[in-house]
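Observations on the model geometry
Listed below, chain by chain, are the residues.
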Amino acid sequence: MRLFRSFAALALAAGIIAAAPPLQAQDRAAVERQFRGWLEDTVWPRADAAGVSRGTFTDATAGITLDWDLPDLVPPGSAPAVPERQRQSEFGAPARYFTPGGLSSATSVGREMARRHAGALSAAERATGVPGHIVLGIWGRESGYGRASIPHDVFRVLGTKGFMSTRADYFTDELVAALRIAEAGHAPEGAMKSSWAGALGQPQFMPTSFLEHAADGDGDGRADIWRSEADTIASIAAYLAHHGWVAGRDWGFEVDVPASVSCALEGPDQGRPIREWADMGIARVSGRAFPDHELAGEGYLMMPAGRLGPAFVVTPNFYVLKDYNMSDLYALFVGHVGDRIAYGSGNFSVDWQDVGRMLRSDVADIQSGLVAQGHDVGGVDGLAGFKTRRSIGRWQEARGERATCFPAPGMADALR
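Below: a short report on this structure. (Residues numbered from 1 in each chain as written. Predicted model: local features only at pLDDT ≥ 70, side-chain atom pairs only at ≥ 80, totals over all residues. Heavy atoms only, no water.)

1. Things to note about the overall build of the protein chain
When you go through the protein chain residue by residue, the secondary structure sums to 16 helices and 7 strands. Relative to the compact-globule value of 22 Å for 416 residues, the protein chain shows a C-alpha radius of gyration of 23 Å, a close match. Residues classed as buried in the protein chain amount to 52% of the 416 residues present. Nonlocal contacts in the protein chain, meaning residues at least 24 apart in sequence, comprise 71% of its contacts between residues at least 6 apart. Taken as a whole, the protein chain presents about 17300 Å² of accessible surface, with 49% of it coming from carbon and sulfur. (Helix = DSSP H or I, 4+ residues; strand = E, 2+ residues; numbered from the N terminus. Rg over C-alpha atoms; globule rule 2.2 N^0.38 Å. Buried < 20%, exposed > 50% of the residue type's maximum accessible area, 1.4 Å probe, protein only. Contact = heavy atoms within 4.5 Å. Areas by Shrake-Rupley, 256 points an atom, 1.4 Å probe, with all protein chains shown as cover.)

2. Describing unusual backbone geometry
Phi at D72 takes a positive value of approximately 60°, unusual for a residue other than glycine. Along the chain, D72 turns up in the loop between α3 (54-61) and α4 (100-116). Positive phi, normally seen in glycine, also occurs at Y145, with a value near 60°. Structurally, Y145 is set in the loop between α6 (132-143) and β1 (152-153). Overall, the relative accessible area of 7% leaves Y145 in the buried class.

3. Some remarks on the sheet that holds strand β3 (residues 252-256)
For sheets, the rule is that strands pair by backbone hydrogen bonds, running either parallel or antiparallel. Pairing within the open sheet is antiparallel, and its 5 strands lie in the order β4-β6-β7-β3-β5. The open sheet has two free edges, formed respectively by β4 (272-273) and β5 (283-284), since each of these has just one partner strand. In this sheet, strand β6 (residues 298-302) lies alongside β4 in antiparallel orientation, the contact comprising 2 bridges. Note on β6: the bridge partner recorded for R272 is G299. Sheet contacts for helix α12 (residues 316-324): β6 and β7 (311-314); angle to β6, the most-contacted strand, approximately 65°. (Pairing = 2+ DSSP bridges. Axes fitted to C-alpha atoms, helices over the stretch in contact; angles between N-to-C directions.)

4. Some details on the side chain of R340
Relative to the elements of secondary structure, R340 occurs in helix α13 (residues 328-343). For the buried R340, no salt bridge exists, and the shortest N-O distance to an oppositely charged side chain is 9.3 Å, to E254. When residues no more than four places from it in sequence are discounted, the contact partners of R340 are L103, T107, R111, S345, G346 and N347. (Lys, Arg positive; Asp, Glu negative; His and termini not counted. Salt bridge = Lys/Arg side-chain N within 4 Å of Asp/Glu carboxyl O.)

5. Observations regarding the packing of aromatic side chains
For the structure on display, the rule yields 23 aromatic pairs. Arranged with centres 5.9 Å apart and planes meeting at 70°, the rings of Y97 and F333 form a pair that is edge-to-face. In this pair, Y97 is assigned in the loop between α3 and α4 and F333 in helix α13, connecting sequence segments 236 residues apart. The same class applies to Y97 as to F333, namely buried. Ring centres of F318 and Y319 lie 5.2 Å apart, and the angle between their planes is 80°; on these two criteria the pair is classed as edge-to-face. A relative accessible area of 0% means that F318 is categorised as buried. Aromatic rings pair up to connect Y97, F98, W251, Y300, F312, F318, Y319, F333, F348 and W352 into one cluster. Taking the ring centre of F171 as reference, the NZ or CZ of K161 above it sits at 5.2 Å. Directly above the aromatic system of Y170 lies the positively charged group of R167, at a separation of 4.3 Å from the ring centroid. (Phe/Tyr/Trp six-rings, centres within 6.5 Å; stacked < 30°, edge-to-face > 60°. Lys NZ or Arg CZ within 6 Å of the ring centre and 35° of its normal.)

6. Thoughts on α6
With 12 residues, α6 should reach 16 Å at 1.5 Å per residue; the first-to-last C-alpha distance of 16 Å fits that figure. Extensive coverage of α6 is indicated by the burial of 11 of its 12 residues. For α6, the complete set of buried residues consists of G132, H133, I134, V135, L136, G137, I138, W139, G140, E142 and S143. The positive-phi residue at the C-terminal boundary of α6 is G144, with phi of around 55°. (Expected span 1.5 Å × (residues − 1).)

7. Points about the pattern of salt bridges
Once the charged atoms of two side chains with opposite charge are near each other, the side chains can pair. Applying the stated criterion to the full structure yields 13 salt bridges. Measuring nitrogen to oxygen at the nearest pair gives 2.7 Å for the salt bridge that ties E294 to R249. Of this pair, E294 sits in the loop between β5 and β6 while R249 is found in the loop between α10 (229-242) and β3, placing the two residues 45 residues apart along the sequence. We note that E294, like R249, is buried.

8. A short note on the packing of helix α5 (residues 118-128) against α10
It is the contact of α5 with α10, at a shortest axis distance of 9 Å, that shows an interaxial angle of 25°. Taken together, the axes of α5 and α10 lie roughly parallel to each other. As α5 packs across α10, the resulting crossing turns out to be right-handed. Of the residues in α10, those in contact with A120, L121, A124 and T128 of α5 are A230, I233, A234, A237, A238 and A241. Split by residue class, the contact of α5 with α10 holds 9 nonpolar, 1 polar and no charged. (Parallel < 35°, antiparallel > 145°, perpendicular 65-115°, else oblique. Left-handed = near helix turned anticlockwise from the far one by under 90°. Nonpolar A, V, L, I, M, F, W, Y, C, P; charged D, E, K, R; others polar.)

9. Quick notes on the environment of S108
With respect to the helices and strands, S108 occurs in helix α4. The partly exposed category is assigned to S108, whose relative accessible area is 42%. When the C-alpha atoms of S108 and G63 are compared, they prove to be 43 Å apart, with 45 residues separating the residues in sequence.

10. Structural notes on the nonpolar core
F98, Y145, L179, W226, L240, L321 and L332 are the most contacted members of the largest nonpolar core, which has 84 residues in total. If you look at the next biggest cluster of nonpolar residues, it comprises 16 residues, including V261, C263, L295 and M303. (Core = buried A, V, L, I, M, F, W, Y, C linked by side-chain atoms within 4.5 Å.)

11. So, α3
Among the residues of α3, those classed as buried are T56, F57, A60 and T61. An end-on view of α3 places all buried positions within 110° of arc, on one side of the element. At the exit of α3 stands G63, carrying a positive phi of roughly 85°. (Arc of directions from axis to C-beta.)

Structure, rendered in structure tokens:
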């Protein structure tokens, strides 16, 4: 549900997404007229059926025009633009996601928020089983604990992307949900602002997520994710609980993976009891044993940079964090910042090596070569996800090489 918004935020930061292809002024004017017709002929009937009044619809959409600066737009009669530069942190250099300044700020402000909102965090944990420091990790990542600027008119953003984007149906659904929020009066006056992908408020919920998961944390009978920190905390916790957070379990542990354990064992489909990982020689970097209550629970090897960065044994809760944002690095950031806030944890014990200078098209070439040899890479998309990483490792091992489980220059040629 939140995948597009979250991926888009990362991609925008790395400068890889293309805006709409240029059109002549008269062509844009024609598209604007089509947009107005689409709002009236397509969106209004759906909004009406969902209980939105004509007045609310008119107030929300009167005078809005297409935002041609948004990414991933496909004007009528055109083909999707292909970005020339295809790098981003999720499949490039993971270290860019964990800058010292970003971690320090998220941690220091998070500790202050932990003190200031201890009551709300404790209440949310009692209600949902989600630890307060995990909620803080998400809150800090999504909106800087409510301090980030959220400048866009949500109806213009969702209208534009519902009318002409690569995921038009998805954004049309979100537009109708935003109209339902306006109809119900959930948002304070003037607060229906969003990120450029349509996410709302301090938790950065898409409108459908608000309708499904927003919670009243301060007892005033409303779920206000815009102005109420207690409601923001309760809503994030409710989202994670609704997506299956397992109370009492951690999100994961940084570990040492000995050379005798293949990095190709990574992935949520290759889980085993944490006790078995420990019996294979995998140990926490802290030197402490895995907690007794975790030993019988399933754990999964997660190595976002293969052998070229930190390694982790994660629990099912890690994948609940990924439901909030479908990114290994996002979930890792949230868990890591939460640990820093709650336990005073330091940096990862292993540095990220200098990886991620390949174009996405280069990674896609590697994937194509692996697929030709019978490997399941999870799709030829230029994204070095766990299926691609472990397929690289299996291919390297079959060649008698030391497995790194991460793309590198020259691999595509060797796979031909």
